[in-house]
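Inside the fold
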Amino acid sequence: MRQRGRTGARRPRGGHGAHGGTPAVPTGRRDPRCPLPPPGVPAGGGTHARPPRAWAPAAGGGAAPLPWQRREAALLRRRRIGTMSSLAVSEPPASRAPSRSPARSPALSPAPGPSRCGGERRRNASDAGADLGAVQKDLEKEQLKALKKVVKHFENGLPLKDLSQIIEILNLCAEKMNEQEAFTEPLCELIKLCGLPFQKKKLSDEVSYSVAVSNCIAQLGYLMRVPSSQVRIQICKCVVSFYNTELPRKLLSGYQPTSANYKIQMAELGGLAETLILSLTLVENQLTEKLWVLKALQHLSSSGVNCRLMMKAQAASRLCLYLNGVDPSGQLVFRSSEILWNLLENTSKEEVVNQLSSLECVHALKEVFVDLLMHGFRHYDRQLRNDLLVIATLLAENPAAPMIESGFTKLLIVLATFTEVKIPNPLIKGLKLTYSYEDFELKKLLFNVIAVLSKDPCAVRLLSENYVMPALLCYVKPSQKPGFHDWSAAQYEELQLHAIAILASVAPLLVDKYLSCQANTLLLVFLEWCIGQDPFFGQGNSFHGTGGRGNKLAQMRCSLRVLRSVVSLYDDAVNLNLCDQGAISQLLDILKYAANKSKEKEDAIVLEVQADILFILSALCENDLHRKELFSYEGVDILIPFIQMDPKRLYSGLGHNCLLFSALDCLWSCVIGCYIAEDYFLEKQGIFLLLDLLALKQKNLCNIILGILVEFCDNPQTTSHISTWRGEKDQTAANLLIELWRQEELELGVKRDRYGRIADVKRPIASSFQKQQEVIPMPANCPSFAIMEISENIRAKLYSLLCKLGFENLPGLSAKDFVTLAIIRRYIDFKVGEVWSELCAELKEEFRPVTSDEEALKVISEVSEDTGRMVAALQTEVLESQHHQEIQEEEETYTKIQAIHKQREMVNKSWKNFLTRTSKYEALKKAKRIQEKSIEASRSKLKTQNGTVHSTDIKGLSTTIGSGRLVTVESTPPQLIGGPLAVTDLALRKPSVSKGALKKIKRVKTLDSVKKDSVPIE
């Protein structure tokens, strides 16, 4: 801003102006191009006006600063140098305003005037420029000295409180480097200090300065913009030092180093990993710098937080594109692949695969893999090749990855099969694999790729064209090693099991190739070898060889999985080919072999083998009567022990549950429908075994067992077996079925009252979920919810089974069972009513029926409701009848109790009279008199004529009981004498409580209770 003041024109030398010697005439107004003099300096005298303080030399010439301007600029620089020096001699305050470098201002332009003044100004400008250059050099030297002092002072670590000032100095040095390369070394030294452990005074400093420290470390990443290879490499070395912390030899007085993981945590907080990923673009043409950045990223990628930050910057795709870059050392591929592995382990695998699924990334991965495959000869190269193949396998699992378009898929398939089929292929011309451990791993990985590709429908054609089926069938041979003479026995066994396992995935896709290669024959021969007595000791080292050590169970299991996968297609050609070769009888022999093995030692593998065989037999015999007859006798004998399985084994976790289900499925498919097999199963009491399983009331077993029983009821002998069965506590089959019905309705939430009667006559069997459903109009060919509900529970099967048994004269039912039976009997009527109810609701949603149709629908609804009311009334009648019967039984019980009590009273009265007669003589005489009177009164009054009358009295008899040939002896009760073996001399010994005597007895009575014995009189 220019200031107004007194103006005057400087008179040129010689009195001549700039043009033609015309003198300058004062105009009273200053030329605007001429600067004002500084305050206190008079106008004229040859001194220019003072400009603003912020200034910089002009880049393209112009007037140079005058001496006072140079002095002011030097003063400003000394102030900044003092700031840096203060860090070296004393601790700066915790916070301060950031220093700013002098701002540049436009160059000063000379004022117009006489030509002689212009020449003098040019001479002054050149002198001033030379002086300014010297001053700048001096200032730079002083600044460099100050920086060295700072580095020397903090050579053992930077205090946390000074990091903000250090970062400002780093940024100033970075700006200076654009003009002077001399600042490169100090900048690198300061960055190197950041790699040392930070120093703290208090334990809380780590938390207090966490924001400042994270910003400091983030600034290190931002310094990657500095176009200096030395600086960038030093930044990467600093980051690497975070993970290789070494304590300094000497600590600052009063300080201690921060924790080992502190910088790593602050790097995560500051987002350093993401910044370094973005900086790869700056160094993509500088190999050394790129390798150092990758090394730093390799360390940072060990953290899940950093990996997620890197994924935000598209780290996976960026790194994959660098794989095929030129690098004689091989570190580029190694470090990039290591970082990719860390990303896969620490972040979402799907996200990483999606970033790698571009055509460019797949091409880069393919080129590097082929180069390592064809030219790699070191152990390190082979390991790296296998690592890249694993990444390629993950890409193959993604259908969106252009593996087929890039040709990578075909290359991998050819590599997996070229050693077995021996067909020349230009893709692998000149390739030879050794029998090293890395090549062995490569072979297994290639087999795994085939398994992954088998899940991709687009790759099936490539699998068929490149002889995958013949290559895999080469391994289905007993204990031979075709073409692999240098593999060890354990390695060949692992490859064999792996190939057969892959065959189980590929065979269902290539059925034509499977049949043309006679795979069924090879598998049956191989299974025959598995149960043979040939000496073979499996190693059992691999995943597929689990449990196969010292036997052939692993080979048997993998082969049966192949057969299971192909028969599950229910392809007539495959199944016919198997049965024509006697597969049913051979599978039954293998099943016997496995069952015997299971008796020796229960193992999950043996149980799995048995379950697979049962499934294969089910698939082969289903819907074919001739095959069921082949199965009948021998198969039923094998099935019975499976159905007799101890229920406790179902929870062992070894696979008994799956084995039982397979046996029931085999029973349904191989026995039902063949009367020979059915009769033999009934003869073996199979129905009783099924009902025993049903009585367990396990939800997962009830459905299939009820289905089998319903199908079996087509045989006329079945119902008698069901009616004869008795469970625990003499439970009948009808009672069991009704209990299952009540349990099912309780789970479905069907509304019933406390006595089990119908509570909703409009929807008597509707579940709670069914009532919550809204009316949705459905097409005629789509089943409604009422129809679909039939297959979702077991009520329909229970109804069908009870229909087979009949609803009359069912034994072992209570009144509660009859109440439930009334609902079951009308199940089909209630279900029809539900369907009509849904139909009415759908009609009302779309349109209104005509009058006649509406009346018909109303009548149908009323019929359904009347049925519900009728059943409810019948249930009430049953309950009332039961209640009346219970009352009658209760009265009869009370009558019996009263009779018993009356009899006891009579006995007690008789006993009391007896005691009275025996203890009181007068009472005895009185009883005798009464007895005599009774006898006299009972005699006939008519006297016999001409006959002798014999007296019936025995003189001298002192008893009041009738005499006869037998005398009843009344002895002492056993509770007083302690039993027949106790001491009976009660007059001489005191009764013992331990021998059964009473606790309180004052005297011994000779006549107490009576034990009656009959003694004949001679």
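Residues numbered from 1 in each chain as written. Predicted model: local features only at pLDDT ≥ 70, side-chain atom pairs only at ≥ 80, totals over all residues. Heavy atoms only, no water.

**A short note on the overall build of the chain**
A count of helices and strands for the chain gives 42 helices and four strands. Within the chain, buried positions represent 42% of all 1018 residues. Across the chain, every contact between residues at least 6 apart in sequence was considered, and the portion connecting residues at least 24 apart equals 75%. For the chain, the accessible surface area stands at approximately 56300 Å², while carbon and sulfur atoms represent 53% of it. (Helix = DSSP H or I, 4+ residues; strand = E, 2+ residues; numbered from the N terminus. Buried < 20%, exposed > 50% of the residue type's maximum accessible area, 1.4 Å probe, protein only. Contact = heavy atoms within 4.5 Å. Areas by Shrake-Rupley, 256 points an atom, 1.4 Å probe, with all protein chains shown as cover.)

**With respect to the packing of aromatic side chains**
Within the structure shown, the criterion is met by 13 aromatic pairs. On the numbers, 6.4 Å between centres and 35° between planes, the contact of Y799 with F807 is tilted. Take Y799 and F807: they sit in the same class, and that class is buried. On the numbers, 5.5 Å between centres and 45° between planes, the contact of Y799 with Y827 is tilted. (Phe/Tyr/Trp six-rings, centres within 6.5 Å; stacked < 30°, edge-to-face > 60°.)

**Some words on the nonpolar core**
Within the largest apolar cluster, 238 residues are counted, with the highest numbers of intra-cluster contacts made by L297, L343, Y514, L690 and L694. The contact partners of L694, leaving out residues within four places of it in the chain, are C702, I705, L706, L709, L736, L737 and L740. (Core = buried A, V, L, I, M, F, W, Y, C linked by side-chain atoms within 4.5 Å.)

**Notes on helix 25 (residues 572-580)**
Within helix 25 the residues assigned to the buried category are V574, N575, L578 and C579. Viewed along the axis of helix 25, the buried residues span an arc of 125°, placing them on a single side of the element. Every exposed residue of helix 25 that faces more than 90 degrees away from the buried side is listed here: D572 and D580. Where the residues of helix 25 are buried, they touch helix 22 (511-516), helix 23 (519-530), helix 24 (553-567), helix 26 (583-600), helix 27 (604-621) and helix 28 (625-643). For helix 25, the side-chain oxygen to backbone nitrogen distance between the N-cap and A573 is 3.0 Å, and the N-cap itself is D571. Backbone geometry just after helix 25 places G582 at a positive phi near 75°. (Arc of directions from axis to C-beta. Polar contact = N/O pair within 3.5 Å; in protein donor to acceptor, adjacent residues only side chain to side chain.)

**So, unusual backbone geometry**
One non-glycine residue, Y570, lies in positive phi territory at about 55°. Looking at the secondary structure, you find Y570 in the loop between helix 24 and helix 25. Although it is not a glycine, N623 sits at a positive phi angle of roughly 65°. The exposed category is assigned to N623, whose relative accessible area is 73%.

**Quick look at the packing of helix 39 (residues 827-846) against helix 40 (residues 851-919)**
Orientation of helix 39 relative to helix 40, taken along the N-to-C sense of each, is 145°, at an axis distance of 10 Å. The way helix 39 lies across helix 40 gives a crossing that is left-handed. Note on element contacts: helix 40 touches helix 39 through L857, I860, S861, S864, T867, G868 and V871, opposite D829, F830, G833, W836, C840 and L843. Among the residues forming the contact of helix 39 with helix 40, the class breakdown is seven nonpolar, five polar and one charged. (Axes fitted to C-alpha atoms, helices over the stretch in contact; angles between N-to-C directions. Left-handed = near helix turned anticlockwise from the far one by under 90°. Nonpolar A, V, L, I, M, F, W, Y, C, P; charged D, E, K, R; others polar.)

**A closer look at a positive patch on the surface**
Residues K137, K141, K145, K148 and K149 make up a contiguous surface patch of positive charge. Within the secondary structure layout, K137 lies in helix 2 (residues 115-153). For K137, a relative accessible area of 57% translates into the label exposed. (Patch = residues over 30% accessible without salt bridge, like charges linked within 9 Å, V, L, I, M, F, W, Y side chains within 5 Å. Salt bridge = Lys/Arg side-chain N within 4 Å of Asp/Glu carboxyl O. Lys, Arg positive; Asp, Glu negative; His and termini not counted. Charge placed at Lys NZ, Arg CZ, Asp CG, Glu CD.)

**Let's talk about the environment of T419**
Structurally, the position occupied by T419 is in helix 17 (residues 408-421). Its relative accessible area of 16% is what places T419 among the buried residues. When the C-alpha atoms of T419 and L433 are compared, they prove to be 8.8 Å apart, with 14 residues separating the residues in sequence. In terms of polar contacts, T419 uses its side chain to reach the side chain of K443, at 2.8 Å.

**Focus: a negative patch on the surface**
Taken together, E886, E889, E890, E891 and E892 make up a surface patch of like negative charges. Position of E890 relative to the elements: it lies in helix 40. For E890, a relative accessible area of 40% gives the class partly exposed.

**As for the pattern of salt bridges**
For side chains bearing opposite charge, pairing can occur when the charged atoms are close. A full pass over the atoms with the stated rule returns 32 salt bridges. Between K444 and E494 there is a salt bridge whose closest N-O contact spans 2.7 Å. Highlighted residues: K444 in helix 18 (residues 437-453) and E494 in helix 21 (residues 489-506), separated in sequence by 50 residues. Given the relative accessible area of 15%, K444 is considered buried. Between E834 and K831 there is a salt bridge, with its nearest N and O atoms 3.0 Å apart. One end of the pair is E834 and the other is K831, both in helix 39 and three residues apart, which spans about a single turn. A cluster of three or more residues bridged by salt bridges with shared partners is formed by E745, R752, E789, R795, K831 and E834.

**Describing the packing of helix 38 (residues 815-825) against helix 40**
Helix-helix packing is characterised by the crossing angle of the two axes and by the distance between the axes. Direction vectors running N to C along helix 38 and helix 40 enclose 170°, while the axes themselves pass 9 Å from each other. Considering their axes alone, helix 38 and helix 40 lie roughly antiparallel with respect to each other. Listed contacts from helix 40 to A815, F818, V819, A822 and I823 of helix 38 are V871, L874, Q875, V878, L879 and Q882. Looking at side-chain class alone, the contact of helix 38 with helix 40 contains nine nonpolar, two polar and no charged residues. (Parallel < 35°, antiparallel > 145°, perpendicular 65-115°, else oblique.)

**Notes on a nonpolar patch on the surface**
Together, I828, V832, W836 and L839 line one region of the surface with nonpolar side chains, adding up to about 310 Å² of accessible area. Structurally, the position occupied by L839 is in helix 39. Given the relative accessible area of 35%, L839 is considered partly exposed.

**Some details on the confidence of the model for the chain**
A low pLDDT means the predicted coordinates there should not be read in detail. Residue-level pLDDT values for the chain average 79, and 77% of them are 70 or greater. Confidence, expressed as mean pLDDT per element, reaches its minimum in the chain at strand 4 (residues 1012-1016) with 39 and its maximum at helix 31 (residues 686-694) with 94. Scored below 50 in pLDDT, residues 1-117 makes 144 contacts in the model with residues more than four places away or belonging to other chains. Here residues 982-1018 scores under 50 on pLDDT; set against residues more than four positions off or in separate chains, the count is 56 contacts. (pLDDT = per-residue confidence, 0-100.)

**Remarks on the side chain of E438**
Relative to the helices and strands, E438 resides in helix 18. Summary of buried charges: E438 has no salt-bridge partner, and the nearest side chain of opposite charge, R382, is 4.9 Å away. When residues no more than four places from it in sequence are discounted, the contact partners of E438 are H379, R382, Q383, R385 and N386.

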